[in-house]
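# Coordinate analysis (summary)
Residues per chain, in single letters:
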Amino acid sequence: MEISYNTTVTATSVAILLVYTWKVLNWAWFRPKKLENYLRKSGLQGNKYKLLYGDLKELTNKHNEPKSKPINFSGDVPQRLIPFFCDSINKNGKSSFVWLGPYPVVLITEPEHVKEILTKNYVYQKQIHPNPFSKILALGLSKLEEDKWAKHRKIISPAFQVEKLKHMLPAFYQSCSEMISKWEEIIPNETSFELDVWPDFQLMTSEVISRTAFGSSYEEGRIVFELQREQAEHVTDISRTVYIPGTRFLPTKRNKRMLEIKKQVQTTIRRIIDKRLMAMEAGEPSKNDLLAILLESNMKEIEQHGSKDFGMTTIEVIEECKLFYFAGQETTSVLLVWTMILLCLHPEWQARAREEVLQVIGNEKPDFEGLSRLKIVTMILHETLRLFPPVPTYCRRNKHEVKLGELSLPAGVLLFIPTILIHYDKELWGEDAKEFKPERFSEGVLKATKGHLSFIPFSGGPRVCIGQNFAMMEAKMAIAMILQKFSFKLSPSYTHAPVASFALRPQYGAPLLIRKL
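Conventions and cut-offs
Position numbers for residues count from 1 along each chain, tracking the sequence in the order it is written. pLDDT decides what is reported in this predicted model: residues at 70 or higher carry local features, side-chain atom pairs at 80 or more are listed and counted, and totals for whole chains, interfaces and linings draw on all residues regardless. With hydrogens and water stripped out, all remaining heavy atoms of the structure feed into the side-chain values. In DSSP terms, a helix is any run of H or I states spanning at least four residues, a strand is any run of E spanning at least two, and both are numbered starting from the N terminus. Our radius of gyration is a C-alpha quantity, and the globule rule it is checked against amounts to 2.2 Å times the number of residues to the power 0.38. For every residue, the accessible area obtained with a 1.4 Å probe (protein chains only) is divided by the maximum for its type, and the residue is called buried under 20%, exposed over 50%, and partly exposed between those limits. Residues count as neighbours in contact if any of their non-hydrogen atoms are within 4.5 Å of one another. Note that accessible areas follow from Shrake-Rupley with a 1.4 Å probe, and for residues the cover is restricted to the protein chains shown. Counting rule for charge: Lys and Arg are taken as positive, Asp and Glu as negative, and neither His nor the chain ends is counted. For this purpose, a charge sits on NZ of Lys, CZ of Arg, CG of Asp or CD of Glu. Buried Ala, Val, Leu, Ile, Met, Phe, Trp, Tyr and Cys residues form a nonpolar core when they are joined through side-chain atoms within 4.5 Å. Whether two aromatic rings pair depends on their centres lying within 6.5 Å, for rings of Phe, Tyr and Trp, where Trp uses its six-membered ring; planes under 30 degrees apart make the pair stacked, over 60 edge-to-face, and the rest tilted. The patch calculation keeps residues exceeding 30% relative accessible area without a salt bridge and links them within 9 Å when they carry like charges or within 5 Å when they are nonpolar (Val, Leu, Ile, Met, Phe, Trp, Tyr). By definition, a salt bridge exists where a carboxyl oxygen of Asp or Glu is found within 4 Å of a side-chain nitrogen of Lys or Arg. Axis geometry follows a simple rule: fit a line to the C-alpha atoms, using only the stretch in contact for helices, then measure angles between N-to-C directions, giving values from 0 to 180 degrees. By definition in this entry, angles of less than 35 degrees are roughly parallel, angles greater than 145 are roughly antiparallel, angles of 65 to 115 are roughly perpendicular, and the rest are oblique. Note: crossing handedness is left-handed where the near helix turns anticlockwise from the far helix by less than a right angle, and right-handed where it turns clockwise. Classes in brief: Ala, Val, Leu, Ile, Met, Phe, Trp, Tyr, Cys and Pro nonpolar; Asp, Glu, Lys and Arg charged; the others, Gly included, polar. By definition, two strands form a pair when at least two bridges between them are found by DSSP. A helix is expected to span 1.5 Å for every residue after the first.

Bringing the overall build of the chain into the picture now. A count of helical and extended segments in the chain gives 19 helices and 13 strands. The C-alpha radius of gyration of the chain comes to 25 Å, within 12% of the 24 Å expected for a compact globule of 517 residues. Judged by the C-alpha coordinates and their principal axes, the chain covers about 95 × 60 × 40 Å. Counting across all 517 residues of the chain, residues that qualify as buried make up 52%. In the chain, of all internal contacts separated by at least 6 residues, the share reaching a separation of at least 24 is 75%. Accessible area of the chain: about 23,900 Å², with a carbon and sulfur share of 56%. Of the charged side chains in the chain, 69 are positive and 58 negative, and the gap between their average positions amounts to 5 Å.

This is the structure:
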């Protein structure tokens, strides 16, 4: 009996070991090789798969190389940001594939393919990194899929309607005024003063989010911004490594720190939400900030259907707030800093923009109507978004086997859309694609793109960034107010080094020589 029992235990253990061995081998070798054969039969060219790592080592080395080498203003921005993918396209063609560990990544650069992927959002879904910690930054609208995405989008949309944005202009104005007042205090009269505007734009856009999203001061939300920024750096590093299942449970220094950040952020935001809910229950007048609109929209949805299942849970509201903090602040701060840098490089456009602002708004407080009439400023912002898109790449994954144009793709392939390459494509934008020419957008985006989906700074299709009007209005307000008060040019200490860290940032800041008008 004892022998029989031991034999059974041994046999069971061996069976379990064999199953897990097969799973590991299938994940690390057999499945990648099967996918590689499929892609090659579809006519795609790409690197041969290398066990476990694929192209990760080369990709990481290529990515780190440019960080120590600034470029000149006529330099190749895509090559600095995504060198490995640029080299792959030069070697294997526009539609080719590389390996992110054991996962094949198909490069998508044709506008028609991009349009189909972004339009059919139920077929091509957001790519979630296999490391579960990649979800820790924010599991809000940008990471949700299908019915859950549709529910959240419906509840959140009222907060970003134009009429609601009009009520947020005072918060935009107050935050911009504080930054400009600070500049006026430190910049002497009748002389230029060197100032790194990048930290100020980060602070100002953080203040805007604190006021418009939560009706709170920057001090109350400051800890969230700082923690979310640190969390983003951790997630970026993780995305460049092969995740071995189970390692997230190891008590490493990084794992513990990421969990600690998650807890602190949740506690801080929950405190803000609880205070707001208590105020609403006490019958206090509703505020016009994003959180109030979101909570009201959520309650309305629950009451309308008579079930909490149709609304968002507190945890889900917290995740959306985390996304507000991160995405709202990052997008506008990088748009502003690159706009200022480009206007330094092109003083004729700085002069034209200032002339328009003074003609339309004068030295008065900008209002919604005035900002909406700033055609030249809008052209400049669009061209800045083309040359320096806040998010230089997008990723999607097809749920099932699909036909994308002439390409046959197996289920579960990663689809990499290099926005920065599409925005610089001479076949789409002409031989002057690398040049700053806001006049491209003089008749709007549709005319500039000739009907192609070749301008995607805020993504596209049903999942187009819900906050793009918010970001554009905030940027117009800031640029208009700066042009009313100052002229500016690049400092000799400025170093041109765009770097992708979630958003496309200036690696060494943006020191400018600013002068009062």
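Of all hydrophobic cores here, the largest spans 137 residues; its most connected members are Trp183 and Phe201. The greatest single-element share of this core, amounting to 16 residues, is contributed by helix 12 (residues 314–345). The contacts of Trp183, once residues within four sequence positions are left out, are Leu195, Val197, Asp200, Phe201, Met340, Ile482, Phe486 and Ile514.

Quick look at the packing of aromatic side chains now. Here the structure, examined in full by the defined rule, presents 14 aromatic pairs. A centroid spacing of 5.3 Å and a plane angle of 25 degrees characterise the contact between Trp22 and Phe30, whose relative ring orientation is stacked. Phe30 gets classed as partly exposed once you look at its relative accessible area, which sits at 40%. With a centroid separation of 5.1 Å and 50 degrees between ring planes, the pair formed by Phe441 and Phe455 is classed as tilted. With Phe441 in the loop between helix 17 (426–429) and helix 18 (445–448) and Phe455 in the loop between helix 18 and helix 19 (468–485), the pair connects residues that are 14 residues apart, well separated along the chain.

This next bit is on a nonpolar patch on the surface. Taken together, Trp22, Leu25, Trp29, Phe30 and Leu51 make up a surface patch of nonpolar side chains, about 520 Å² in accessible area. Within the fold, Trp22 resides in helix 1 (residues 2–41).

Moving on to the packing of helix 11 (residues 290–305) against helix 12. Two elements in contact, helix 11 and helix 12, have axes whose closest approach is 12 Å; the angle formed by their N-to-C orientations is 150 degrees. Comparing the axis directions of helix 11 and helix 12 gives the class roughly antiparallel. Classified by chirality, the crossing of helix 12 by helix 11 is right-handed. In this structure, helix 11 uses Leu290, Leu291, Leu294, Leu295 and Asn298 to contact helix 12, whose residues at the interface are Val317, Glu320, Cys321 and Phe324. Split by residue class, the contact of helix 11 with helix 12 holds seven nonpolar, one polar and one charged.

Another aspect to go through is the sheet that holds strand 5 (residues 193–196). What links the strands of a sheet is backbone hydrogen bonding, and the strands pair in either a parallel or an antiparallel sense. Strand order in the open sheet made by the three strands is 5-13-10, with antiparallel pairing throughout. Sheet topology places strand 5 and strand 10 (486–490) at the edges, where each strand pairs with a single neighbour. Taken over all neighbouring pairs, the strand axes of this sheet differ in orientation by 40 degrees on average, direction set aside. By the bridge criterion, five bridges tie strand 10 to strand 13 (residues 511–516) in an arrangement that is antiparallel. Note on strand 13: the bridge partner recorded for Leu490 is Leu512. Contacts from helix 12 reach strand 10 and strand 13 within the one sheet, and its direction differs from that of strand 10 by about 80 degrees.

A separate point is the environment of Asn363. Inspection of the secondary structure puts Asn363 in the loop between helix 13 (347–360) and helix 14 (368–372). On the accessibility criterion, Asn363 (63% relative accessible area) is exposed. Along the sequence, Asn363 and Met481 sit 118 residues apart, while their C-alpha atoms lie 8.5 Å from each other. If we skip the residues at most four places from it in the chain, Asn363 touches Leu358 and Gln484.

Here we take up unusual backbone geometry. The phi dihedral of Glu146 is positive, around 50 degrees, even though this residue is not glycine. A relative accessible area of 28% means that Glu146 is categorised as partly exposed. Unlike most non-glycine residues, Lys450 shows phi in positive territory, near 55 degrees. One can find Lys450 in the loop between helix 18 and helix 19.

This part is about helix 19. Over its 18 residues, helix 19 runs 26 Å from end to end, which matches the ideal 26 Å to within 8%, given 1.5 Å per residue. Among the 18 residues that make up helix 19, 15 are buried, leaving the element largely enclosed by the rest of the structure.

Counting across every chain of the model gives 23 salt bridges. Lys399 is the salt-bridge partner of Glu146, the closest N and O atoms lying 2.7 Å from each other. With Glu146 in helix 6 (residues 146–156) and Lys399 in the loop between strand 6 (394–398) and strand 7 (402–404), this residue pair connects regions lying 253 residues apart in the sequence. Of the charged contacts in the structure, one is a salt bridge between Glu383 and Arg386, with a shortest N-O distance of 2.9 Å. Remark: Arg386 and Glu383 occur in helix 15 (residues 375–387); sequence separation between them is three residues, near one turn of the helix. The pair formed by Glu383 and Arg386 is uniform in burial state, with each residue classed as buried. Residues joined in a network through salt bridges with shared partners are Glu383, Arg386, Asp432, Lys437 and Arg440.

Coordinates in, geometry out; function isn't part of it.
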